[in-house]
Amino acid sequence: MFTTPSAIDIGAVIFDQDYEMPGTVRNVDGSFIEMERPTGLKWRVHYRRLRPATAWEERQLVAVGKLHEQRKRGTA
């Protein structure tokens, strides 16, 4: 877990314990962190509900992004 919001870097991959999924940090807004998934899902969460993503969770996020891009190409 993070002790302060300033310990979270923009662009970092972190794990949201409420949604139970990793995401990329878009912005730090006081005590709240703006997150994003490769699918376009964006949300805000209090920094105390976050923890650093594991290597497996980072790979999962990359895989979701690749799958999303493949599906977009297939429907265009």
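Presented here is an overview of the structure given in this document. (Residues numbered from 1 in each chain as written. Predicted model: local features only at pLDDT ≥ 70, side-chain atom pairs only at ≥ 80, totals over all residues. Heavy atoms only, no water.)

To continue, consider the nonpolar core. The biggest cluster of nonpolar side chains holds eleven residues, and these are Phe2, Ile8, Ile14, Met21, Val25, Ile33, Met35, Trp43, Val45, Tyr47 and Leu50. Secondary structure elements with two or more residues in this core: strand 2 (21-29), strand 3 (32-36) and strand 4 (42-46). Excluding residues that lie within four positions of it along the chain, Ile14 makes contacts with Phe2, Ile8, Met21, Pro22, Gly23, Val25, Ile33, Met35, Leu50, Arg51, Pro52 and Ala53. (Core = buried A, V, L, I, M, F, W, Y, C linked by side-chain atoms within 4.5 Å. Buried < 20%, exposed > 50% of the residue type's maximum accessible area, 1.4 Å probe, protein only. Helix = DSSP H or I, 4+ residues; strand = E, 2+ residues; numbered from the N terminus. Contact = heavy atoms within 4.5 Å.)

The next subject is the packing of aromatic side chains. For any pair of aromatic rings, geometry is given as the distance between the ring centres together with the angle between the planes. A complete count under the given rule lists one aromatic pair for this structure. Plain terms: the ring middles of Tyr19 and Trp43 are 5.4 Å apart, the flat faces sit at 55 degrees to each other, and that makes the pair tilted. Placement of the pair is Tyr19 in the loop between strand 1 (13-16) and strand 2 and Trp43 in strand 4, with a sequence separation of 24 residues. Under the relative-accessibility criterion, Trp43 is labelled buried at 7%. Directly above the aromatic system of Phe15 lies the positively charged group of Arg51, at a separation of 4.1 Å from the ring centroid. (Phe/Tyr/Trp six-rings, centres within 6.5 Å; stacked < 30°, edge-to-face > 60°. Lys NZ or Arg CZ within 6 Å of the ring centre and 35° of its normal.)

What follows is about the sheet that holds strand 4. Spatially, the five strands line up as an open sheet ordered 4-3-2-1-5, and their pairing is antiparallel. Both edges of this open sheet fall to strand 4 and strand 5 (50-52), since each of them pairs with a single strand only. Strand-to-strand twist in this sheet, taken as the mean axis angle between neighbours without regard to direction, amounts to 50 degrees. Across five bridges, the pairing between strand 2 and strand 3 is antiparallel. (Pairing = 2+ DSSP bridges. Axes fitted to C-alpha atoms, helices over the stretch in contact; angles between N-to-C directions.)

A word on unusual backbone geometry. Most of the time, phi is negative for any residue but glycine, and the peptide bond is trans. The backbone of Glu20 sits at a positive phi, close to 55 degrees, despite the residue not being glycine. By secondary structure assignment, the location of Glu20 is in the loop between strand 1 and strand 2. Residue Glu20 is classed as exposed on the basis of its relative accessible area of 64%.

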